[in-house]
Amino acid sequence: MALMVVVVCVAMWIITRHGYMLGLALSCLLAVVAGVTQVLPWLPSFGASIVLSNILYATAVMIGAESVLRRSALRIGMPWNVLYVAGVGAVVTYFYFVIPNFQARVYATHLSAGLLFLGVAYALRGLRLGPVWERVLFWAAVLYALEFFPRAILSSRHVPADTMSAFADPVYWQILQYSSTVVAAGFVLSVVVAALFDHVEDLRRDRDLDRLTGVLNRRGFEERTEALMRAQGTGCTLVLCDLDHFKRINDTYGHSMGDRVLGIVGGILRATAREQDLVGRIGGEEFAVMLPDGGTDEAGRLVRRLQKALAATRFPLPPAAAPIAASLGIAERTRGESFLALFDRADAALYRAKTGGRNRAVFDGVAPGERDGSADGNCEPDAASLTTARPSASPHSRPS
């Protein structure tokens with residue numbers, strides 16, 4: 001059964017290319033080798049087989065723990081790995097050759113593994129707040145850790161102290177095999193399922209990512225924004241950002257230079273937006289940022305940061321080139337408003353920013369000339385003073 005798990009883990013590595021799946025495969029393979037070493041007399045003495053088998057088991061447990069942690073970008077570290085394996089090997093050697101005691105070896109190996117995986121579960125405690133598959137992985141790790149403690153007690157209870165008699169006892173093997181096949185295999189299966197979901201998420205991110213700018217493409221941005229709006233209700237604010245006179249860059253310096261500028265602007269947007277904000281490229285030189293909270297006040301702070309960052313950035317353009325600037329349109333969602341309606345209002349505000357002189361921000365609902373953001377970045381609105389004035393021109397014919 002362990003060999004079957006090895007095959008599954010290797011197959012998942014081939015599919016996902018997640019390195020921790022190879023670690024799990026190696027862990028299960030070492031457990032197989034340890035089991036074979038324990039029952040087949042291929043070493044000069046039975047004692048040597050017992051010591052080597054337990055060292056291999058400890059190594060398998062340690063590699064398995066490291067692999068599960070690596071999925072969450074955590075690690076134990078090589079010094080602790082070596083200390084754990086060496087410690088288990090020393091204890092097993094002592095209780096076989098110095099003071100022969102089967103129960104002591106069982107307690108030492110099982111309890112140390114249980115404590116190790118309790119530490120792993122504690123390190124992964126954040127998973128219990130994540131998606132379903134991450135919560136399943138966390139509780140599987142907890143169950144796997146706790147299972148070592150009753151196994152140590154039950155597998156050594158009423159068993160003779162000498163090793164050969166202990167291995168002949170059917171109760172010991174029944175408990176060991178049941179716990180190994182059910183609990184351990186279930187734990188590894190939960191990691192495999194989590195790896196599969198990780199792979200699906202990776203594919204989704206790759207599908208929804210604009211490779212040139214590093215932000216979401218239009219499809220990804222709209223899907224995540226609509227999901228956010230369903231969960232958030234009111235309070236969401238949409239910021240549309242359109243680079244001014246971008247066509248001149250492509251026509252004068254070539255599309256490769258234009259792509260470089262877009263890539264830099266994408267990095268600026270990622271740096272100026274907050275962690276919870278959604279950033280996307282929705283077409284050509286037009287970007288969008290969805291703020292889940294803070295309203296127009298927070299949008300004004302974002303606009304100021306963005307304008308300052310654009311002004312301070314040295315783009316790879318000739319000295320005679322016009323500076324890179326952007327026009328912005330901002331709209332705050334009203335109750336029950338769809339994404340399309342919110343987008344149209346932000347787009348109308350962006351049109352006003354373009355026709356009003358560019359390099360400025362306009363907040364939807366502000367009458368012309370009241371609080372349009374100027375080139376110096378002084379564009380944060382007072383939400384209480386917003387009016388319901390709307391532009392009469394069509395936003396779909398705005399200048400570049």
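Criteria and cut-off values
- Residues numbered from 1 in each chain as written.
- Predicted model: local features only at pLDDT ≥ 70, side-chain atom pairs only at ≥ 80, totals over all residues.
- Heavy atoms only, no water.
- Helix = DSSP H or I, 4+ residues; strand = E, 2+ residues; numbered from the N terminus.
- Buried < 20%, exposed > 50% of the residue type's maximum accessible area, 1.4 Å probe, protein only.
- Contact = heavy atoms within 4.5 Å.
- Areas by Shrake-Rupley, 256 points an atom, 1.4 Å probe, with all protein chains shown as cover.
- Axes fitted to C-alpha atoms, helices over the stretch in contact; angles between N-to-C directions.
- Parallel < 35°, antiparallel > 145°, perpendicular 65-115°, else oblique.
- Nonpolar A, V, L, I, M, F, W, Y, C, P; charged D, E, K, R; others polar.
- Expected span 1.5 Å × (residues − 1).
- Pairing = 2+ DSSP bridges.
- Right-handed = clockwise from strand over helix to strand, strands pointing away.
- Polar contact = N/O pair within 3.5 Å; in protein donor to acceptor, adjacent residues only side chain to side chain.
- pLDDT = per-residue confidence, 0-100.
- Phe/Tyr/Trp six-rings, centres within 6.5 Å; stacked < 30°, edge-to-face > 60°.
- Lys NZ or Arg CZ within 6 Å of the ring centre and 35° of its normal.

Regarding the overall build of the protein chain
Argument step 1. Across its full length, the protein chain carries 13 helices and 5 strands.
Argument step 2. Each of the 400 residues in the protein chain was classed as buried or not, and the buried ones make up 48%.
Argument step 3. For the protein chain, the share of sequence-separated contacts (at least 6 apart) that also reach a separation of at least 24 residues comes to 67%.
Argument step 4. Accessible surface for the protein chain amounts to roughly 19,300 Å². Of this, 63% is attributable to carbon and sulfur atoms.

Here we look at the packing of helix H9 (residues 218-232) against helix H13 (residues 339-355)
When two helices pack together, their arrangement is given by the angle between their axes and by how far apart the axes lie.
Argument step 1. At a closest axis distance of 11 Å, the pairing of H9 and H13 adopts a crossing angle of 115°. It follows that H9 is roughly perpendicular to H13 by the angle criterion. Contacts from Arg218, Phe221, Glu222, Thr225, Glu226 and Met229 of H9 reach H13 at Phe339, Leu342 and Phe343.
Argument step 2. Looking at the contact of H9 with H13, its residues break down into 5 nonpolar, 1 polar and 3 charged.

Comments concerning helix H3 (residues 46-71)
An α-helix turns once every 3.6 residues. As a result, residues three or four positions apart point the same way.
Argument step 1. Look at H3: 38 Å from first C-alpha to last across 26 residues, which is about the 38 Å you get at 1.5 Å a residue.
Argument step 2. Backbone geometry just after H3 places Ala73 at a positive phi near 60°.

Remarks on unusual backbone geometry
Argument step 1. Phi at Ala73 takes a positive value of approximately 60°, unusual for a residue other than glycine.
Argument step 2. Relative to the helices and strands, Ala73 is located in the loop between H3 and helix H4 (78-98).
Argument step 3. On the basis of relative accessibility, which here comes to 71%, the residue Ala73 falls in the exposed class.
Argument step 4. Of note, the phi angle at Asn359 is positive, near 50°, even though the residue is not glycine.
Argument step 5. The residue Asn359 is located in the loop between H13 and strand E5 (361-363) in this model.

Some details on the pairing of strand E4 (residues 326-332)
Argument step 1. In terms of burial, E4 is a largely internal element, 6 of the 7 residues being buried.
Argument step 2. As paired elements, strand E1 (residues 237-243) and E4 share 7 bridges and run antiparallel to each other. Paired with Val239 across the strands is Ile330, a residue of E4.
Argument step 3. Pairing analysis gives 3 bridges linking E4 to E5, with the strands arranged parallel. Residue pairing in the sheet places Leu328 in a bridge with Ala361 of E5.
Argument step 4. Considered for its hand, the β-α-β crossover made up of E4, H13 and E5 is left-handed.

Brief notes about the sheet that holds strand E2 (residues 278-283)
Argument step 1. Read from one edge of the open sheet, 5 strands run E2-E3-E1-E4-E5, paired in mixed fashion. The outermost strands of the open sheet, each flanked by one partner alone, are E2 and E5. For this sheet, the mean angle separating the axes of adjacent strands, direction not counted, is 20°.
Argument step 2. Here E2 runs beside strand E3 (residues 286-291); their pairing, made up of 5 bridges, is antiparallel. If you follow Leu278 over to E3, its bridge partner there is Met290.
Argument step 3. Along the sheet, helix H11 (residues 255-272) makes contact with E1, E2 and E3, crossing E3 at roughly 10°.

A few points about helix H5 (residues 102-123)
Argument step 1. Given a rise of 1.5 Å per residue, 22 residues ought to cover 32 Å, and the 32 Å separating the end C-alpha atoms of H5 matches this to within 8%.
Argument step 2. Measuring from the backbone nitrogen of Gln103 back to the side-chain oxygen at the start of H5 gives 3.1 Å, which picks out Asn101 as the cap.

A word on the side chain of Asn217
Argument step 1. For Asn217, the position within the fold is in the loop between helix H8 (170-208) and H9.
Argument step 2. Here Gly220 takes part through its backbone nitrogen, which lies 2.8 Å from a polar atom of the side chain of Asn217.
Argument step 3. Dropping the residues within four chain positions of it, Asn217 is found in contact with Arg207, Asp208, Leu209, Asp210 and Arg281.

A closer look at the side chain of Arg105
Argument step 1. Take Arg105: it is sitting in helix H5.
Argument step 2. Classification of Arg105 by relative accessible area gives buried; the value is 5%.
Argument step 3. Of the polar contacts made by the side chain of Arg105, one reaches the backbone oxygen of Phe95; its length is 3.1 Å.

Description of the confidence of the model for the protein chain
Argument step 1. Put simply, the protein chain has an average pLDDT of 84, and 84% of its residues get 70 or more.
Argument step 2. Low pLDDT, under 50, characterises residues 367-396; the stretch is placed with 66 contacts to residues that sit more than four places away or in other chains.

Section: the packing of aromatic side chains
The relative placement of two aromatic rings is captured by the distance of their centres and the angle of their planes.
Argument step 1. Per the counting criterion, the structure on display carries 10 aromatic pairs.
Argument step 2. Here Phe221 and Phe339 contribute two aromatic rings whose centre-to-centre distance is 6.5 Å and whose plane-to-plane angle is 65°, an arrangement assigned as edge-to-face. Of this pair, Phe221 sits in helix H9 while Phe339 sits in helix H13; the two residues are 118 residues apart in sequence, bridging distant segments of the chain. In terms of burial, Phe221 and Phe339 fall into one category: buried.
Argument step 3. Ring centres of Phe339 and Phe343 lie 6.0 Å apart, and the angle between their planes is 45°; this geometry places the pair in the tilted category. With a gap of 4 residues between them, Phe339 and Phe343 both fall in helix H13, about one helical turn apart.
Argument step 4. Residue class for Phe339 comes out buried when judged on its relative accessible area of 9%.
Argument step 5. Given a relative accessible area of 13%, Phe343 falls into the buried group.
Argument step 6. In textbook terms, an aromatic cluster arises when at least three aromatic residues are bridged by ring pairs, as seen for Phe117, Tyr144, Phe148 and Phe187.
Argument step 7. Above the face of the Tyr122 ring, Arg125 is positioned so that its terminal group lies 4.0 Å from the ring centre.

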